[in-house]
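Letter by letter, the chains look like this.
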Protein chains: 2
Amino acid sequence: MVYTLYYWPGIQGRGEFVRLALEEGAAAYVDTALQPAGEGGGAAALEAILDDTELLRPPFAPPFLKAGRLLLSQTANILMFLGPRLGLAPRDAAGRLWTHQLQLTIADFLVEIHDTHHPIASGLYYEEQQAEAKRRSAEFLGTRLPKFFGYFDRVIERNRARGGWMVGNGLTYVDLSMAQVMAGLKFAFPHAVERTLDSYPRLHALHDKVFARPRIRSYAKSGRRLAFNNRGIFRSYPELDR
Amino acid sequence: MVYTLYYWPGIQGRGEFVRLALEEGAAAYVDTALQPAGEGGGAAALEAILDDTELLRPPFAPPFLKAGRLLLSQTANILMFLGPRLGLAPRDAAGRLWTHQLQLTIADFLVEIHDTHHPIASGLYYEEQQAEAKRRSAEFLGTRLPKFFGYFDRVIERNRARGGWMVGNGLTYVDLSMAQVMAGLKFAFPHAVERTLDSYPRLHALHDKVFARPRIRSYAKSGRRLAFNNRGIFRSYPELDR
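No experiment lies behind these values; they were computed from the predicted model shown. (Residues numbered from 1 in each chain as written. Chains lettered and ligands numbered in written order. Predicted model: local features only at pLDDT ≥ 70, side-chain atom pairs only at ≥ 80, totals over all residues.)

1. Remarks on the relation of the copies chain A and chain B
- Relative to chain B, chain A is turned by 180 degrees and slid 0.0 Å along the rotation axis, the superposed coordinates differing by an RMSD of 0.0 Å. Read as a symmetry element, the transformation amounts to a two-fold axis. Relative to the rotation axis, the C-alpha of P119 of chain A is the closest in chain A, positioned 2.9 Å from it.
- The share of interface residues of chain A whose copies in chain B are also at the interface is 97%, consistent with both copies meeting through the same surface. (Least-squares fit on C-alpha atoms with pLDDT ≥ 70 in both. Contact = placed C-beta atoms within 7 Å.)

2. Brief notes about the domain arrangement of chain A
All names here are of chain A.
- Each assigned domain of chain A is listed here: domain 1 (2–85) and domain 2 (93–240).
- Averaged C-alpha coordinates put domain 1 and domain 2 at centres separated by 21 Å.
- Domain 1 puts 18 residues into the contact, and the matching count from domain 2 is 21 residues.
- Mapped by element, the contributors of at least two residues to the side of domain 1 that touches domain 2 are helix 1 (15–24) and helix 3 (75–85).
- Of the residues that constitute the side of domain 1 that touches domain 2, the class distribution is 10 nonpolar, five polar and three charged. (Domains from an automatic or database assignment. Helix = DSSP H or I, 4+ residues; strand = E, 2+ residues; numbered from the N terminus. Nonpolar A, V, L, I, M, F, W, Y, C, P; charged D, E, K, R; others polar.)

3. Considerations on the interface of chain A and chain B
- Contacts between the two partners involve 34 residues from chain A and, on the opposite side, 33 residues from chain B.
- Here the side of chain A that touches chain B takes nine residues from helix 5 (residues 130–158) of chain A, the largest share from any one element.
- Residue composition of the side of chain A that touches chain B, by class: 18 nonpolar, eight polar and eight charged.

4. Here's the deal with the pairing of strand 1 (residues 2–6) of chain A
Residue and element names in this part refer to chain A.
- Two strands pair when backbone bridges link them, and strand 1 and strand 2 (residues 28–31) are joined in this way by four bridges, in the parallel orientation. Within strand 2, the residue paired with T4 across the bridge is V30.
- Between the parallel pair strand 1 and strand 2, the chain is carried across by helix 1, and the sense of this crossover is right-handed.
- Here strand 1 runs beside strand 3 (residues 64–67); their pairing, made up of three bridges, is antiparallel. Within strand 3, the residue paired with Y6 across the bridge is F64. (Pairing = 2+ DSSP bridges. Right-handed = clockwise from strand over helix to strand, strands pointing away.)

5. Some words on the sheet that holds strand 3 of chain A
Residues and elements named next belong to chain A.
- Strand order in this open sheet of four strands is 2-1-3-4, and the pairing throughout is mixed. The open sheet has two free edges, formed respectively by strand 2 and strand 4 (70–73), since each of these has just one partner strand. Between one strand and the next, the sheet's axes are offset by a mean angle of 25 degrees, whatever the strand orientation. (Axes fitted to C-alpha atoms, helices over the stretch in contact; angles between N-to-C directions.)

6. Topic: the packing of helix 4 (residues 93–117) of chain A against helix 5 of chain A
Residues and elements named next belong to chain A.
- As a packed pair, helix 4 and helix 5 sit with axes 9 Å apart at the nearest point and diverge in direction by 160 degrees. When the interaxial angle is binned, helix 4 and helix 5 end up roughly antiparallel. Considering only the axes of helix 4 and helix 5, their crossing is left-handed. Here L102, F109, E112, D115, T116 and H117 of helix 4 come into contact with helix 5, specifically with A133, R136, S137, F140, R144, F148 and V155. (Parallel < 35°, antiparallel > 145°, perpendicular 65-115°, else oblique. Left-handed = near helix turned anticlockwise from the far one by under 90°.)

Below, the structure written as structure tokens:
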């Protein structure tokens, strides 16, 4: 099976959570964001899907994953589908529900992270909501970040397998996503995150473990993994980082 | 199987999406929010789970569903689990992924609805973020509401079964959730939603179809379904409703 991933070119965004799973799972896939528009890639590839009036099951927003005749959307849904196929999910049904539940909690966290710089509307520029962004970021860093970090660190601590992973005794797709969130937060809020090193040691260790995996390292070195920038979910505005 | 639902007493909130599925599916369940604290119910029931330091798979936030030894969280995850068990999901794997994908898009919509009155922080009072709420609500009603309504109306239109449901030729749990969102929006933004009647006829018809179902009607009449109020996701602040 060769998968096709559709996402906006030029940013990591939600597409990156899918890419990390495809890379760690050594999947064969086409990333349309990296293909030239002349070869059917670029933004036009996903816009053709968004504009397709014949699609019986239209997606709302990218990322999209094509797997044979299936066209899937919603990051957590895509990862739930890919997990067992790429050896990145537990074998038992209860373990799979638990992994998905954690992924959905990461999705909630991600919305709050995005809204630190866009608290009023995605359709407005940051500069048009900067005052609100400062207020929301202060609340986020003071209350929500510690709540989510505390929770996810506890999940690793409570995992009976004691291997430093979130679920069971090996890496699953939710570890990849969690490490990506940590990487993004280090970019967006370096000072605030630096101060959490001692309080959430398992979470920080998870980040390092994931980005030390041979396939993830070679993906990062390949040039295919874009750098974080101020057009994605995680943005670096020093005025928002206490 | 007798299910147990844990949610905050006094509000519909996210718990209501699970209740509607349990009711339409004629499931046997205990709703701890409706049980007296002296009988193990009330807020204490769910706080005991949140505070349980022995739980190997701790949930982040309610609703929680106990099903035998399983303790599930995240509304969309709970509904994905219940759907097939209650006859509220398609039989095929592709149809189940599609239903879940729609539920996750409803979850995204719900966060945006909540944030119209709490754009800065859930932990602050509405009155402390009213100016920002007015700005966010105007953007929401002008841009996001039509985008989501247009999408979901199109989903019903594109469904080849042509029965007015979102997936296949019968009601699924996502129809129940969609109708609940419509009901909540009618409470929160009566004027803005009234003006959408002609533009999204399938979505409005879906709301009416769901709340005319015998089991949903008898649930609504039972007194167990709480009224909307200004402590939940959907809140009525006339100054936010253009």
